[in-house]
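Residues per chain are reported as follows:
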Amino acid sequence: MAYATYEFYRDSYGGDSISLAEFSRFARRASEYIDMVTFGRAVQYPDDNDALKRACCAVAEAYKINEEGGGIVAESVGKITRNYAASVTNTPTQEERLGTAVSIHLLATGLLYLGV
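Here the structure is a predicted model, which means the values were calculated and not measured.

(A) How the structure looks around the overall build of the chain. Summing up its helical and strand segments, the chain has four helices and two strands in all. The linear arrangement of helices and strands in the chain, starting from the amino end, is α-α-α-β-β-α. Within the chain, contacts between residues at least 6 apart in sequence are counted, and of these 73% link residues at least 24 apart. If you sum the accessible surface of the chain, you get close to 7,500 Å²; carbon and sulfur atoms cover 54% of it.

(B) Looking closely at unusual backbone geometry. Located in the positive-phi region is aspartate 47, a residue other than glycine, with phi close to 55°. Its location among the elements puts aspartate 47 in the loop between α2 (20-37) and α3 (51-67). Located in the positive-phi region is aspartate 50, a residue other than glycine, with phi close to 65°. By the element assignment, aspartate 50 lies in the loop between α2 and α3.

(C) Quick peek at the nonpolar core. Ranked by internal contacts, the top residues of the largest apolar core, which has 30 residues, are Ile34, Val59, Val102 and Leu106. Within the residue set of this core, elements represented by two or more residues are α1 (6-13), α2, α3 and α4 (94-106). Apart from residues lying up to four places away in sequence, isoleucine 34 is in contact with Tyr3, Ala42, Leu52, Ala55, Cys56, Val102 and Leu106.

(D) Main features of the packing of aromatic side chains. Tallied over the entire structure, the rule returns five aromatic pairs. Taking the centre distance of 5.6 Å and the plane angle of 70° together, the rings of tyrosine 6 and phenylalanine 23 count as edge-to-face. Placement of the pair is tyrosine 6 in helix α1 and phenylalanine 23 in helix α2, with a sequence separation of 17 residues. Note on tyrosine 33 and tyrosine 63: the rings are 6.4 Å apart at their centroids and 90° apart in plane angle, and the pair reads as edge-to-face. Taken as a pair, tyrosine 33 in helix α2 and tyrosine 63 in helix α3 lie far apart in primary sequence, 30 residues in all. An aromatic cluster is present here, built from Tyr6, Tyr9, Tyr13 and Phe23 joined pairwise through their rings. Above the ring of phenylalanine 26, the side-chain terminus of arginine 25 is found at 4.3 Å from the ring centroid.

(E) How the structure looks around the environment of asparagine 66. When you line up the elements, asparagine 66 lands in helix α3. It is 8.1 Å that separates the C-alpha atoms of asparagine 66 and arginine 97, two residues lying 31 residues apart in sequence.

(F) Region of the structure containing α3. Helix length check: α3, at 17 residues, gives a terminal C-alpha distance of 24 Å against a target of 24 Å (1.5 Å per residue), a fit within 8%. Where burial is concerned, most of α3 is hidden: 13 out of the 17 residues are buried. Positive backbone phi, approximately 115°, marks glycine 69, located one or two places after α3.

(G) Quick look at the packing of α3 against α4. Look at α3 against α4: their axes get within 8 Å of each other, and the N-to-C directions meet at 165°. Taken as axis vectors, α3 and α4 run roughly antiparallel relative to one another. As α3 packs across α4, the resulting crossing turns out to be right-handed. Counting all contacts with α3, which are made through Ala51, Leu52, Arg54, Ala55, Ala58, Val59, Ala62, Tyr63, Ile65 and Asn66, the residues of α4 involved are Gln94, Arg97, Leu98, Ala101, Val102, His105 and Leu106.

Rules and cut-offs
- Residues numbered from 1 in each chain as written.
- Predicted model: local features only at pLDDT ≥ 70, side-chain atom pairs only at ≥ 80, totals over all residues.
- Heavy atoms only, no water.
- Helix = DSSP H or I, 4+ residues; strand = E, 2+ residues; numbered from the N terminus.
- Contact = heavy atoms within 4.5 Å.
- Areas by Shrake-Rupley, 256 points an atom, 1.4 Å probe, with all protein chains shown as cover.
- Core = buried A, V, L, I, M, F, W, Y, C linked by side-chain atoms within 4.5 Å.
- Buried < 20%, exposed > 50% of the residue type's maximum accessible area, 1.4 Å probe, protein only.
- Phe/Tyr/Trp six-rings, centres within 6.5 Å; stacked < 30°, edge-to-face > 60°.
- Lys NZ or Arg CZ within 6 Å of the ring centre and 35° of its normal.
- Expected span 1.5 Å × (residues − 1).
- Axes fitted to C-alpha atoms, helices over the stretch in contact; angles between N-to-C directions.
- Parallel < 35°, antiparallel > 145°, perpendicular 65-115°, else oblique.
- Left-handed = near helix turned anticlockwise from the far one by under 90°.

See the structure below:
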(Lines give C-alpha, C1' and ligand atoms only; values in the text may rest on other atoms or scores of the structure.)
Protein backbone atom coordinates (compact mmCIF):
# COMPACT_ATOMS: atom_id res chain seq x y z
CA MET A 1 0.00 0.00 0.00
CA ALA A 2 1.35 3.40 -0.95
CA TYR A 3 1.00 6.26 1.50
CA ALA A 4 0.23 8.79 -1.24
CA THR A 5 -1.78 8.88 -4.44
CA TYR A 6 -0.78 10.53 -7.67
CA GLU A 7 -3.53 13.09 -7.15
CA PHE A 8 -2.05 14.08 -3.78
CA TYR A 9 1.45 14.18 -5.32
CA ARG A 10 0.35 16.45 -8.14
CA ASP A 11 -2.28 18.63 -6.44
CA SER A 12 -1.24 18.94 -2.78
CA TYR A 13 2.49 18.17 -2.79
CA GLY A 14 2.99 20.07 -6.03
CA GLY A 15 5.13 17.42 -7.64
CA ASP A 16 5.73 17.26 -11.35
CA SER A 17 8.87 15.18 -11.87
CA ILE A 18 7.13 11.78 -11.73
CA SER A 19 4.58 10.87 -14.38
CA LEU A 20 1.29 9.11 -13.64
CA ALA A 21 2.63 5.97 -15.33
CA GLU A 22 5.69 5.86 -13.03
CA PHE A 23 4.12 7.06 -9.80
CA SER A 24 2.69 3.83 -8.42
CA ARG A 25 6.05 2.05 -8.70
CA PHE A 26 7.99 4.84 -7.00
CA ALA A 27 5.30 5.42 -4.35
CA ARG A 28 5.23 1.72 -3.49
CA ARG A 29 9.03 1.67 -3.08
CA ALA A 30 8.89 4.89 -1.05
CA SER A 31 6.24 3.42 1.24
CA GLU A 32 8.33 0.29 1.78
CA TYR A 33 11.29 2.51 2.70
CA ILE A 34 9.11 4.49 5.12
CA ASP A 35 7.92 1.25 6.73
CA MET A 36 11.54 0.15 7.12
CA VAL A 37 12.82 3.35 8.73
CA THR A 38 9.80 3.62 11.03
CA PHE A 39 10.00 -0.04 12.04
CA GLY A 40 6.44 -0.56 10.80
CA ARG A 41 4.98 2.16 13.04
CA ALA A 42 3.87 4.29 10.10
CA VAL A 43 1.02 1.88 9.30
CA GLN A 44 -0.82 2.87 12.50
CA TYR A 45 0.08 6.57 12.39
CA PRO A 46 -3.09 8.71 12.00
CA ASP A 47 -1.39 11.12 9.50
CA ASP A 48 -3.78 13.97 10.22
CA ASN A 49 -1.19 16.48 8.97
CA ASP A 50 -0.31 14.50 5.78
CA ALA A 51 3.28 13.96 6.94
CA LEU A 52 3.33 10.37 5.64
CA LYS A 53 1.88 11.41 2.30
CA ARG A 54 4.45 14.19 1.90
CA ALA A 55 7.26 11.85 2.97
CA CYS A 56 6.08 9.28 0.44
CA CYS A 57 6.18 11.89 -2.33
CA ALA A 58 9.63 13.15 -1.32
CA VAL A 59 11.11 9.65 -1.08
CA ALA A 60 9.48 8.69 -4.40
CA GLU A 61 11.21 11.66 -6.04
CA ALA A 62 14.49 10.67 -4.37
CA TYR A 63 14.13 7.14 -5.76
CA LYS A 64 13.54 8.57 -9.23
CA ILE A 65 16.68 10.75 -8.97
CA ASN A 66 18.66 7.74 -7.76
CA GLU A 67 17.38 5.64 -10.65
CA GLU A 68 18.34 8.35 -13.13
CA GLY A 69 21.91 8.35 -11.85
CA GLY A 70 21.88 10.80 -8.97
CA GLY A 71 21.41 14.24 -10.40
CA ILE A 72 23.32 16.64 -12.61
CA VAL A 73 27.09 16.80 -12.23
CA ALA A 74 27.95 18.52 -15.53
CA GLU A 75 26.03 21.07 -17.52
CA SER A 76 26.32 22.85 -20.86
CA VAL A 77 24.28 25.90 -21.74
CA GLY A 78 25.13 27.36 -25.11
CA LYS A 79 28.91 27.85 -25.19
CA ILE A 80 29.29 27.64 -21.42
CA THR A 81 30.31 24.27 -19.98
CA ARG A 82 31.00 23.44 -16.35
CA ASN A 83 33.03 20.41 -15.29
CA TYR A 84 33.83 19.35 -11.75
CA ALA A 85 36.66 17.20 -10.47
CA ALA A 86 35.54 13.61 -9.99
CA SER A 87 37.00 13.30 -6.50
CA VAL A 88 35.42 16.48 -5.14
CA THR A 89 31.66 16.39 -4.92
CA ASN A 90 28.83 17.66 -2.79
CA THR A 91 26.38 15.24 -4.40
CA PRO A 92 24.65 13.12 -1.76
CA THR A 93 24.77 9.34 -1.92
CA GLN A 94 21.62 7.44 -2.77
CA GLU A 95 21.02 6.54 0.89
CA GLU A 96 21.63 10.13 2.03
CA ARG A 97 19.11 11.37 -0.52
CA LEU A 98 16.46 8.92 0.76
CA GLY A 99 17.23 9.66 4.42
CA THR A 100 16.97 13.40 3.93
CA ALA A 101 13.70 13.08 2.04
CA VAL A 102 12.05 11.02 4.77
CA SER A 103 13.54 13.01 7.65
CA ILE A 104 12.27 16.36 6.41
CA HIS A 105 8.69 15.17 6.75
CA LEU A 106 8.77 12.58 9.54
CA LEU A 107 11.33 13.82 12.06
CA ALA A 108 8.77 15.74 14.13
CA THR A 109 6.28 12.84 14.16
CA GLY A 110 8.35 10.57 16.41
CA LEU A 111 8.12 7.78 13.83
CA LEU A 112 11.87 7.81 13.26
CA TYR A 113 12.70 7.51 16.98
CA LEU A 114 14.93 4.49 17.60
CA GLY A 115 14.25 4.20 21.33
CA VAL A 116 11.36 2.69 23.21
